[in-house]
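Descriptive analysis of the structure
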Amino acid sequence: MDSSELYHVKQQFVLGAYTSLVKSPLPDPNSPDYHLALLYQARAYIALNDTTSALNLIPDGTDNVALKAAASLAQYIAAKDDTSGEAALEELRDLAVEIEGDDVQGTERDKELVRVLAGTAFARAGEIEEALESLGTETEDLEAVAVIVQIYLSINRPDLAKKEFDRAKRWAEDDLLLQLIESSIGLVTGKDNYSNTLSFYTEQIGNPSLTSPHLLTARGVTRILRNEIPEARSDLEESLGQQPQDAESLAAFTVAAGLGAGKRSEAADAWSKFETEHPSHPLVIDVTNKAALFDEAVTKFTVPPAIGAH
Amino acid sequence: MSVMLTKFESKSNRVKGLAFHPTQPLLAAALHNGSVQLWNYRMGVLVDRFEEHEGPVRGVAIHPSRALLVTGGDDYKIKVWDIRPQNRRCLFTLHGHLDYLRTVQFHHEMPWIISASDDQTIRIWNSTSRQCIAILTGHSHYVMSAQFHPKDDLVVSASMDQTVRVWDISGLRKGSPNQSGPSGGGSAAGPGNFETYDNFSSVKYVLEGHDRGVNYATFHPTLPLIISAADDRVIKIWRMSETKAWEVDSCRGHFNNVSTAVFHPKHELIVSCGEDKTVRVWDLTKRTAIQTFRREQDRFWVLASHPNLNLFAAGHDSGLIVFKLERERPAFSVHQNTLYYIRDKYVRSYDFDSGADVGLLSVRKFGSPYIPPRTLSFNPAEKSTLITISSDNGLYEIAGLPQQVQGEVKDSSVDGKRGNGQSAIFVARNRFAVLNKTTQIIEVRDLSNSVVKTIKPPVQTNEIFYGGTASLILSSPTSVVLYDIQQQKVIAEINSPPVKYIVWSGDGALVALMSKHTITVANKTFSQHSLVHETIRIKSGAWDDAGVFIYSTLNHVKYCLAQGDHGVICTLDNPVYLTRVKGKTIHCLDRSARPRTITFDPTEYRFKLALLRNNYEEMLYIIKTSNLLGQSIIAYLQQKGFPEIALHFVQDTNTRFELALECGNLDVAMETAKTIDRVDCWNRLAQQALKQGNHKIVEKCYQQTKNFDKLSFLYLATGSTEKLSKMQKIANARGDPMSRFHNALYAGDVEARIAVLRDVGLHPLAYLTAKTNGLNDLALEILEAAGLSEADVDDVPKFPVSSLKPPPIITTTTPLNWPSVQAGENFFDRALVNGVLEGGTEASYGNGDAGAAGASSALDAWARDEEVHEEIDPEEGGWELDADGGDFETEQAPDAAPAEDEELGAGATPGASEVEHWVRNSPLAVDHVAAGSFDTAMQLLNRQLGITNFAALKPLFLSIYRSSHTYLSPVASLPPLQLHVRRNPEESAPSRVLPIAACPLQSLRSELTEGYRAVSGNKLAEAQGIFKSVLHALLLVVLASDDEAKQWRETVTAAREYLVGVSIELERRRIVEQEPDNVRRNLELAAYFTHCQLQPPHMQIALRSAIGVFAKANNNVHAAKFARRLLDLKPDPKIVAQARQRIAAGDRNPTNAIDIAYDDFTPFEICAATYTPIYKGSPSVHCPYTNATFLSEFKGKLDPLVGLTEIGAPASGLPAAW
């Protein structure tokens, strides 16, 4: 059982309250929680794409595998070009092999974390197979399960995700993360009108022990999926009120704007703003690709001559 | 364990008789020591004592409708008492019995009293005439009880002779000479002679069966049943018919004499008590014992039931107890607008708005049939209930409610899941917690009733409640604990007496924790809380919309603000259980679990709330609209430190003055001081004004009080020389030398000073003053006047000329007031100045907090919905849509991913994406666009509507695509999941999912309306753009029904007609500008414009424009024709007049100056390319999408109107996707 401070840190991490997590002070370096809290904070920085702060946080020359893995992940995400990215991936691969050995600096938990971080990096790199392989099939670490489930979901295999979840349900206590995993599956399958996901996020928004705009965004997205556009906008506006530059919320907001009863021009404005500010967001990349596709498809039709042009 | 709930207990001498008041919470107790007590059992106070009997009193009864009490004692006397507090006294005494009285009772409608006595008789007395009107004889031993039948003319009596007798007294009613109304005065009674009585009454049945003396017998309130209690330890049930009566059954169990047995007023139960020190409850139909309540020391002598409540009283050796047999608090739970509650063992729902009240689920088979369920917890996500009951040592049951109720409601035993536990509540959509009190374990279970977590509570827990997400509230004997289930730790703890109920506010921010006599209002983390203490027991509570907690005690409804202020809203006759407070209505359940409403006036607490929140707008509104604000509110405001607000409510001048001083509002203080005009007022005002530096008011005060000295000094201080000189004059006039001197000194007026000194004879001083100020002439004059010369004053030391002067005035403060303590210009002042208070202008008033910012967009959308309404339905029918989609067939979608039984792990292959399903599931182009399958979408549009030029549609395609997909990263650092927005979110089967309709038909129709507006506003170029864009967007609309398809076609047609019309008019304007000589074309185009299918207002515009153009060109016939058409449209009277003139002009001068190509007798279409008429029968081609008409020579060309299609190309029309 984790101490309650650590529990709180973990809860913040799981529910995406990264900003408040990195702002909260670390426990005393001699405290048993220090190591794990440090890891969570580093990972929260990584999640926020603030890899510099993450790397600053991780002590140089550490021998701990988990810390090393976190550093590698940060380097991978920070990598500007393929070579440095590949180098970081290589480090992670080495670490993944290293933890199979005996004389490793770190607890079982650290080892699991190495797998989780490596899996995350591989999944980001599009190496689905490698990611799943390093995470293993028999894992009893919920964070690993969460990554596995999301990978399955991203390759449109909600059936496998469900299976993995059911398996985890057997050994994981009624953990918060388990509920999150269930709700993520719900997001993709849309079972029962997304009601499980919606109530999960609604419950967590009501959780007295933390506030996270991410939860509001998540509920907003769920409500978009439920076609409750005005409610979704309201959630997203509230979330953006707390984190005006959050790409995820902005992306969802442009979608809600496009679906709402508002003017089409308003949606277009929201989109062009988003497009310029977050050119690397998957939504922007996807739409850019589609625009090219459109131009290509148009050429397949011959436009008849205009009247007057005989 | 017992279901007997003791409500009140008193210690006294042995109680032999008991009687409830039918409407008030009063109980009369006859004591063995001769006293008769009247208790208020609700408040627990002794109201009165009646002590005129000598020796024990056994019989007591309260009149069913009047404030009368009758008692019968061992002194053979029957006494009738007035029990009204102000004139409590013995009204009269009835003499006649020859031995102890056992029972007395009033008749329910006649002015009769019946008494049973050890003299073996039963007597009936007329309480008006105070005469005995009947003696029933027949019993051969003490008569232990005698009772009237609740309706019929019957009496039942019980006697030591081991019989129960039923008497017919109908003769008494008919033939009684003593029968007279209360006003009759009772003088009609003849001398009482006993012999005649037997004529009126006779024994109807003698019930034999008891083996010992019978102590008590009574009728069932509605059924023809009698029960009797006897010394043979048996309770017997007897049934009567018209002709006979017989024993039905016996209830055995008491092991000593049974004193009394009564029927339960509402349920099929018998309650009895006896000398074996027990009170027992029996099932009337099964005659089995249900409950036994035992007392250690005291034998029970008497038992009384309340005539209409579930309330009993039992008298024993050392006092009495008042008790209930069951809890009357109905189990209920409120979710949004619905109340879920249990009545008569049925779960019901009650809609607060519509009042619809339906039974949903039977819980008859759950727990003991005699005990109602205790709590109900509702789970909206699963639409299920969790019910607990206290029988069988505590049970819970979780059962789903039916989605719709039709026919017989199901019983929860069909699919309910049960277990043991004393307290059970839902803690999440799929979890509930169950407390086992004895083992002190809380189990968290999932919906299949299996344990997922076990918690050992950190305190002795008697009850658990929902504590917000993943939290529980634990109620222990000395505190409440907010407990986190996930972390298994205490978040916060508040000391409190045992909390019995909690109520969360609507937004979940506050919780009210109710115990017997306290309410703790806490926020959701328990970090802040306030306590309200009540002397009367607290029953229930509910939050109102503004965040005020409304609660009920036994006899009041009250409110409590978050900071702890509380007050009474209304009083209650009987306790109710509040469920919901909405505006001025309190919804509640009464003791029989029937929904009721109470209307109340929330003004007072709303005002206080507004005050706390500094919501002046609302306060002002309340002040304006209500008249409730009396002394109490003023005192409240003052006490809370808002004297300036209180000021606005006060009429009384003295109070106003006090308040004005307190809050430093000098203007008001001044005003009131003028009215009061007392010296002390002015002085106080002066003081206050001085403090605030308002010397003008100070001046006025001093003037009012004629305080010249201070006034002068004030003028000196403010540097008002002018006023000082005036003061000097006044002083002169008053002849007050001291004042004159002061003023002269202040003013620096040496001569005046000298004059004063001289006037009062202080010549030496005058001389010196003159001398030292260099006024030698004056000094000499003084000397002379004194009869002295310079030489006489030789010994006076010489002083140099004094340079002392009053300080010069640097800043003239006279016209300036020092900055006041406070500007005093608050919201109320402004409102008052503006006269708003009198109801002049309208203050914008928002109830409660103005909507939180986050909710704004939802509201906006709603407001927009309100705005967008169809202005006029296009009357034109349009051509029918090819609804069945004809030849277009989708390829049959292959079955979704084969049901493989693949192992988890690295080998997982990607599955079919949602967008692939979309493409498969829909034949609509828009769905393909949403799926990002642009090429198939284009093919579909080409085939269905003949579109070939797609370039213009690119932004539309992209915006639809990007609106159909959203992203979320639930797990840190992983790439976000792409989620696909469905228009049918209730579907999750891959073979039926469809993308969201990004651009609904409705929004395009409102856009079209905007185009109409642009036309009306003569912004034609803009309108042209709008119509074009609407026609583009209409290509990518999801249609869900035939009706929508029809609307779609209408919209397309309307947009096309307007587009053509607007284009014609634009062309005409171009001609007017660029080819002013081409009048003919100008006229033609004006005429054609009137042939587009426009709505009447726009048609009027077209016609009036045509009339103008034609009249100018002297084409009077045509102009008159247009004018006639205009008249048909019933325009404004002004326009009518113009049109009439035009027609008249046409009639006067029926010629057309210019010949144009316009034959209005033959129907024609207008070529949308050349704007020339195509008369009926001439060849034409059409746009495959908009159906616009073109001259046949344009076949195969790009449609110039919208720029999308090839004119005359074949098209299949839209497929039906629904």
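What comes next is a walk through the structure.

Conventions adopted
- Residues numbered from 1 in each chain as written.
- Chains lettered and ligands numbered in written order.
- Predicted model: local features only at pLDDT ≥ 70, side-chain atom pairs only at ≥ 80, totals over all residues.
- Heavy atoms only, no water.
- Axes fitted to C-alpha atoms, helices over the stretch in contact; angles between N-to-C directions.
- Helix = DSSP H or I, 4+ residues; strand = E, 2+ residues; numbered from the N terminus.
- Parallel < 35°, antiparallel > 145°, perpendicular 65-115°, else oblique.
- Left-handed = near helix turned anticlockwise from the far one by under 90°.
- Contact = heavy atoms within 4.5 Å.
- Nonpolar A, V, L, I, M, F, W, Y, C, P; charged D, E, K, R; others polar.
- Phe/Tyr/Trp six-rings, centres within 6.5 Å; stacked < 30°, edge-to-face > 60°.
- Buried < 20%, exposed > 50% of the residue type's maximum accessible area, 1.4 Å probe, protein only.
- Buried area = accessible area lost by both parts, 1.4 Å probe.
- Salt bridge = Lys/Arg side-chain N within 4 Å of Asp/Glu carboxyl O.
- Polar contact = N/O pair within 3.5 Å; in protein donor to acceptor, adjacent residues only side chain to side chain.
- Pairing = 2+ DSSP bridges.
- Patch = residues over 30% accessible without salt bridge, like charges linked within 9 Å, V, L, I, M, F, W, Y side chains within 5 Å.
- Areas by Shrake-Rupley, 256 points an atom, 1.4 Å probe, with all protein chains shown as cover.
- Lys, Arg positive; Asp, Glu negative; His and termini not counted.
- Charge placed at Lys NZ, Arg CZ, Asp CG, Glu CD.
- Core = buried A, V, L, I, M, F, W, Y, C linked by side-chain atoms within 4.5 Å.
- 1 Å grid on protein atoms, 1.4 Å probe; cavity = no way out; pocket = protein on both sides within 12 Å on 5 of 7 lines; lining within 4 Å.
- Points joined across faces, edges and corners; volume = space filled by probe spheres on them.

Examining the packing of helix 14 (residues 229–242) of chain A against helix 15 (residues 247–259) of chain A
All names here are of chain A. It is at 9 Å that the axes of helix 14 and helix 15 come closest, and there the two elements cross at 150°. Judged on the interaxial angle alone, helix 15 and helix 14 are roughly antiparallel. As for the relative orientation of helix 14 and helix 15, their crossing is left-handed in sense. Here Ile229, Arg233, Leu236, Glu237, Ser239 and Leu240 of helix 14 come into contact with helix 15, specifically with Ser249, Leu250, Ala252, Phe253, Ala256, Ala257 and Leu259. In terms of residue class, the contact of helix 14 with helix 15 is built from nine nonpolar, two polar and two charged.

Focus: the packing of aromatic side chains
In the structure shown here, the tally under the stated rule is 33 aromatic pairs over all chains. Look at phenylalanine 200 of chain A and tyrosine 201 of chain A: their rings are 5.2 Å apart centre to centre, the planes differ by 70°, and that puts the pair in the edge-to-face class. Each member of the pair, phenylalanine 200 of chain A together with tyrosine 201 of chain A, is buried. Ring geometry for phenylalanine 600 of chain B and tyrosine 605 of chain B: centres 6.3 Å apart, planes at 20°, overall stacked.

Considering the interface of chain A and chain B
Chain A puts 99 residues into the contact, and the matching count from chain B is 96 residues. Between chain A and chain B, roughly 8,200 Å² of surface is buried when both sides are summed, and carbon and sulfur atoms account for 60% of that area. Across the contact surface, chain A and chain B share two salt bridges. Here chain A is connected to chain B by 18 residue pairs in polar contact (both at pLDDT 80 or more). Of the residues in the side of chain A that touches chain B, the class split is 51 nonpolar, 24 polar and 24 charged.

Notes on the pairing of strand 55 (residues 585–589) of chain B
Residues and elements named next belong to chain B. Most of strand 55 is tucked away: four of the five residues are buried. Bridge analysis of strand 54 (residues 577–582) against strand 55 gives five bridges, and the strand direction is antiparallel. Its bridge partner being in strand 55, tyrosine 577 is matched across the sheet by leucine 589. As judged from the five bridges shared by strand 55 and strand 56 (residues 595–599), these two strands associate in the antiparallel manner. Directly across from threonine 585, in strand 56, lies its bridge partner threonine 599.

Describing a negative patch on the surface
Residues and elements named next belong to chain A. A cluster of acidic side chains, namely Glu91, Asp94, Glu98, Asp102 and Asp103, defines a negative patch on the protein surface. Its location among the elements puts aspartate 102 in the loop between helix 6 (82–98) and helix 7 (108–124). Classification of aspartate 102 as exposed rests on a relative accessible area of 77%.

Concerning the nonpolar core
Core analysis: the largest hydrophobic core is formed by 209 residues, its most contacted members being Ile224 of chain A together with Phe950, Phe957, Leu1034, Leu1036, Trp1048 and Tyr1185 of chain B. Looking at this core, the element that brings in the most residues is helix 24 (residues 1042–1074) of chain B, giving eleven residues. For isoleucine 224 of chain A, the contacting residues outside a window of four places in its chain are Ile229, Ala232, Leu236, Ala252, Val255, Ala256 and Leu259 of chain A together with Val981 of chain B. Grouped together as the second largest cluster of nonpolar side chains are 57 residues, Leu561, Phe600, Phe657 and Cys701 of chain B included.

A word on unusual backbone geometry
Of note, asparagine 193 of chain A is a non-glycine position whose phi angle comes to about 60°, a positive value. Mapped onto the fold, asparagine 193 of chain A is located in the loop between helix 11 (176–189) and helix 12 (195–205).

Examining the side chain of threonine 139 of chain A
Residues and elements named next belong to chain A. Looking at the element boundaries, threonine 139 is found in the loop between helix 8 (128–135) and helix 9 (142–154). A polar side-chain atom of threonine 139 sits 3.4 Å from a polar atom in the side chain of glutamate 112. Residues within four places of threonine 139 in sequence aside, it is in contact with Glu112, Ala144, Val145, Ile148, Arg167 and Trp171.

Here we look at empty space enclosed by the protein
A complete count under the given rule lists eight cavities of 30 Å³ or more for this structure. The space that makes up the largest cavity amounts to roughly 160 Å³. Along the wall of the largest cavity there are 17 residues; nearest its centre are Phe13, Arg43 and Glu143 of chain A together with Val971 and Ala972 of chain B. A breakdown of the residues in the lining of the largest cavity according to their chemical character gives 13 nonpolar, two polar and two charged. In this model, the second largest cavity occupies a volume close to 140 Å³. Taken together, Lys7, Tyr41, Arg42, Leu309, Leu311, Lys324, Arg537, Lys539, Leu554 and Arg591 of chain B form the lining of the second largest cavity. Taken together, the residues that form the lining of the second largest cavity break down as four nonpolar, no polar and six charged.

Thoughts on the packing of helix 10 (residues 158–171) of chain A against helix 11 of chain A
All names here are of chain A. Between helix 10 and helix 11, the least distance of the axes is 10 Å, while the angle of their chain directions is 160°. The angle between helix 10 and helix 11 places the two elements in the roughly antiparallel class. In terms of crossing hand, the pair formed by helix 10 and helix 11 is left-handed. When helix 10 is examined against helix 11, the residues Pro158, Ala161, Lys162, Phe165, Ala168 and Lys169 are found in contact with a partner set consisting of Leu178, Ile181, Glu182, Ile185, Val188 and Thr189. Of the residues contributing to the contact of helix 10 with helix 11, the split by class is eight nonpolar, one polar and three charged.

Considerations on the environment of leucine 572 of chain B
Residue and element names in this part refer to chain B. If you trace the backbone, leucine 572 turns up in the loop between strand 53 (566–571) and strand 54. A relative accessible area of 10% means that leucine 572 is categorised as buried. Those residues within four positions of leucine 572 in sequence are excluded, and the remaining contacts are Arg42, Ser552, Thr553, Leu554, Asn555, His556, Val557 and Ile598.

Let's talk about the pattern of salt bridges
Applying the stated criterion across every chain, the model contains 58 salt bridges over all chains. Salt-bridge contacts for glutamate 228 of chain A lead to arginine 226 of chain A; the nearest nitrogen and oxygen are separated by 3.0 Å. Lysine 582 of chain B is the partner of aspartate 353 of chain B in a salt bridge, and the nearest nitrogen-oxygen pair spans 2.5 Å. You can see aspartate 353 of chain B sitting in the loop between strand 31 (346–351) and strand 32 (357–362) and its partner lysine 582 of chain B sitting in strand 54, a full 229 residues away along the chain. Given a relative accessible area of 54%, aspartate 353 of chain B falls into the exposed group. Judged by relative accessible area, lysine 582 of chain B falls into the partly exposed class, the value being 24%. When salt bridges that share partners are traced, they join Arg219, Arg223, Arg226, Glu228 and Asp235 of chain A into one network.

Some thoughts on the sheet that holds strand 23 (residues 269–274) of chain B
All names here are of chain B. With antiparallel pairing, four strands are arranged side by side in an open sheet as 22-23-24-25. The open sheet is flanked by strand 22 (258–263) and strand 25 (289–294), the only strands paired with a single partner. Averaged over all pairs of adjacent strands, the angle between strand axes in this sheet comes to 15°, irrespective of strand direction. Where strand 22 meets strand 23, five bridges bridge the pair, whose relative direction is antiparallel. From the neighbouring strand, threonine 260 faces strand 23, where its bridge partner is cysteine 273.

By themselves, these observations are geometric and do not establish any function.
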